[in-house]
Amino acid sequence: MRQGRIGRGVVHGMDLRYSPAAERFRREIRRWLAESVPATWRRPGFWIDRDGSEESLELRRRWEKDRFENGFAGVDWPAEYGGRGADQEIRAVHDEEMARARAPIGPFLGLTYLGTALLGPTLLRYGTDAQKRTILPRILSGETIWCQGFSEPESGSDLAGLSTAARRDGDVLVVSGQKTWTTLARHADAMFALVRTDPAAERRRGITFLLIDLTLPGVRVRPIRQMSGSQEFGEEFFDEVRVPINGNVVGRIDDGWSVARYLLSVERNASPISQYVEFRHELDDVIAAARQVRKDGRPAIDDPQVRTRIARCRADLELLRVRGYDAMTRTARGEDLGADASVTKLLWSRTRLAIADLGADILGLDGHLSAGPDGGHHEQFGHLRWRHLHVRGQRIAGGTAQIQRTIIARDLLGLPR
Ligand SMILES: Cc1cc2nc3c(=O)[nH]c(=O)nc-3n(C[C@H](O)[C@H](O)[C@H](O)COP(=O)(O)OP(=O)(O)OC[C@H]3O[C@@H](n4cnc5c(N)ncnc54)[C@H](O)[C@@H]3O)c2cc1C
């Protein structure tokens, strides 16, 4: 992807070759990844077998620290905040290589994911100098693990309906209420949350974007087990938790909605390049199963329907890849992707689900009977069964498919309501 030429966009064609500097960086990060990601971690099922365990937490914590110390965390963040100050082209190479090496990144495995992918970019735009200086380096080093506290039992799609209250008492906000469906709840040290500071105001006013230390008195965290069996999810209860205003409000009190909107747009568009590589791995796992599993007396891969579905997934993945380059170019120019991010979210969640469904269908009954990586006649493909259940939540996380379609209809297509 050559600098200065990538800006021409998808429609008019792009030069997808990387510059020599980016290729040098690729060799550098590949060397480090070859040493830091053991071959065992790349085995499909390695992390699934250890889900929710102390061992998994410790391995990933150490890896994040090592990554930071070797200069591969926050490559496109300013150097003064612990990043490398690199451009978007280097970031694209970084994302590709991390995913190619099957490093423990992304929403499921990345301990620093919510900090780096969501909170960091938001603070870079809305944070004070002091917030950037204190919080950003600790995100990258993995010293503070962040989670996102937006959803509540009565408010998910209708985010502006949230009711967790934060009453002002001198120089603190006193928080009471409940958040739920929180990724990484079990391990997080802190939460970026939306709280209601003015119950009398119009729904989208009176909301504040607040950083909450989860070790404060009055916070209780309870794990939620997902249908895949995964255990890092949870919910939090706040009982009169006293959060100092100084340093913990992002933007202004009562004006958190614009901050949240920006974060959601970043979330919908988060790392399509690494997703492309990650989902290619998942499709490769499915193709490997299709070669081994027999259907009607011959390898499943010979079935024309299976072949058509594989081809469709592959085509959608290529679309995701070029959309990723396009989004990266536009973000580098400072553009807000707005509703375009919803198209990407819809595309990647739909494609990932199609890959997982194909994997389960190839296994036949075994693909549907058990959630664990053991049992069934195709034990070696337990990870496909697990994924089939686990990725269903992706259509919901970050805003459901229906909500994305509404945004696209309204903001991109201008359809009447
Ligand atoms: C794997 C996973 C991880 C998550 N991680 C986090 C996290 O870390 N932090 C966090 O805050 N939240 C997280 N969430 C929660 C997620 O953001 C919400 O589940 C999501 O926004 C939907 O809200 P809800 O569950 O309340 O469903 P509801 O809003 O009650 O929706 C129920 C159904 O009604 C449909 N619906 C609702 N309103 C409309 C409408 N106006 N038009 C058409 N259809 C509509 C929805 O599409 C859905 O099918 C996660 C969810 C999942 C599954």
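Residues numbered from 1 in each chain as written. Predicted model: local features only at pLDDT ≥ 70, side-chain atom pairs only at ≥ 80, totals over all residues. Heavy atoms only, no water.

In the annotation of an unreviewed UniProt entry, the protein is listed under the name Alkylation response protein AidB-like acyl-CoA dehydrogenase and assigned to Nonomuraea fuscirosea. The UniProt entry for the protein carries the following comment under Cofactor (unreviewed entry): "FAD". For the record of the protein, the UniProt heading Sequence similarities (unreviewed entry) holds the text "Belongs to the acyl-CoA dehydrogenase family." (UniProt positions renumbered as here; feature names shortened; annotations may be inferred.)

Caption draft 1: Here's a closer look at the pattern of salt bridges. Tallied over the full model, the rule gives 38 salt bridges. Residue glutamate 240 pairs with arginine 167 through a salt bridge whose shortest N-O separation is 3.2 Å. In this pair, glutamate 240 sits in strand 7 (residues 233-244) while arginine 167 sits in strand 2 (residues 165-169), placing the two residues 73 residues apart along the sequence. Under the relative-accessibility criterion, glutamate 240 is labelled partly exposed at 44%. What makes arginine 167 partly exposed here is its relative accessible area of 44%. One network of salt bridges, in which partners are shared, links Glu23, Arg26, Arg30, Glu96, Glu97 and Arg100. (Salt bridge = Lys/Arg side-chain N within 4 Å of Asp/Glu carboxyl O. Helix = DSSP H or I, 4+ residues; strand = E, 2+ residues; numbered from the N terminus. Buried < 20%, exposed > 50% of the residue type's maximum accessible area, 1.4 Å probe, protein only.)

Caption draft 2: Main features of the pairing of strand 2. One ladder, built from five bridges, connects strand 2 with strand 3 (residues 172-182); its direction is antiparallel. In the strand pairing of strand 3, aspartate 169 is matched with valine 172. Turn length for the strand 2-strand 3 hairpin, with the two strands adjacent in sequence and antiparallel, is two residues, and the turn residue glycine 170 shows positive phi of about 65 degrees. (Pairing = 2+ DSSP bridges.)

Caption draft 3: Representation of the site of the ligand in the model. What surrounds the ligand is a group of 17 residues, the closest being Gln148, Ser151, Ser157, Trp181 and Thr400. A distance of 2.8 Å separates a nitrogen atom of the ligand from a polar atom in the side chain of serine 151. One of the side-chain N or O atoms of threonine 400 is found 2.6 Å from an oxygen atom in the ligand. Against a free-state accessible area of 970 Å², the protein chains account for coverage of 64% of the ligand. Of all the secondary-structure elements, those providing two or more residues to the shell around the ligand are strand 3 and helix 15 (401-412). Taken together, the residues of the shell around the ligand break down into six nonpolar, eleven polar and no charged. (Near = heavy atom within 4 Å. Polar contact = N/O pair within 3.5 Å; in protein donor to acceptor, adjacent residues only side chain to side chain. Areas by Shrake-Rupley, 256 points an atom, 1.4 Å probe, with all protein chains shown as cover. Nonpolar A, V, L, I, M, F, W, Y, C, P; charged D, E, K, R; others polar.)

Caption draft 4: Spotlight on the environment of leucine 337. With respect to the helices and strands, leucine 337 occurs in the loop between helix 11 (304-332) and helix 12 (340-363). Using a relative accessible area of 10% as the deciding quantity, one classes leucine 337 as buried. In this structure the C-alpha to C-alpha distance between leucine 337 and aspartate 87, which are 250 residues apart in sequence, comes to 18 Å. When residues no more than four places from it in sequence are discounted, the contact partners of leucine 337 are Asn269, Ala327, Arg330 and Thr331. (Contact = heavy atoms within 4.5 Å.)

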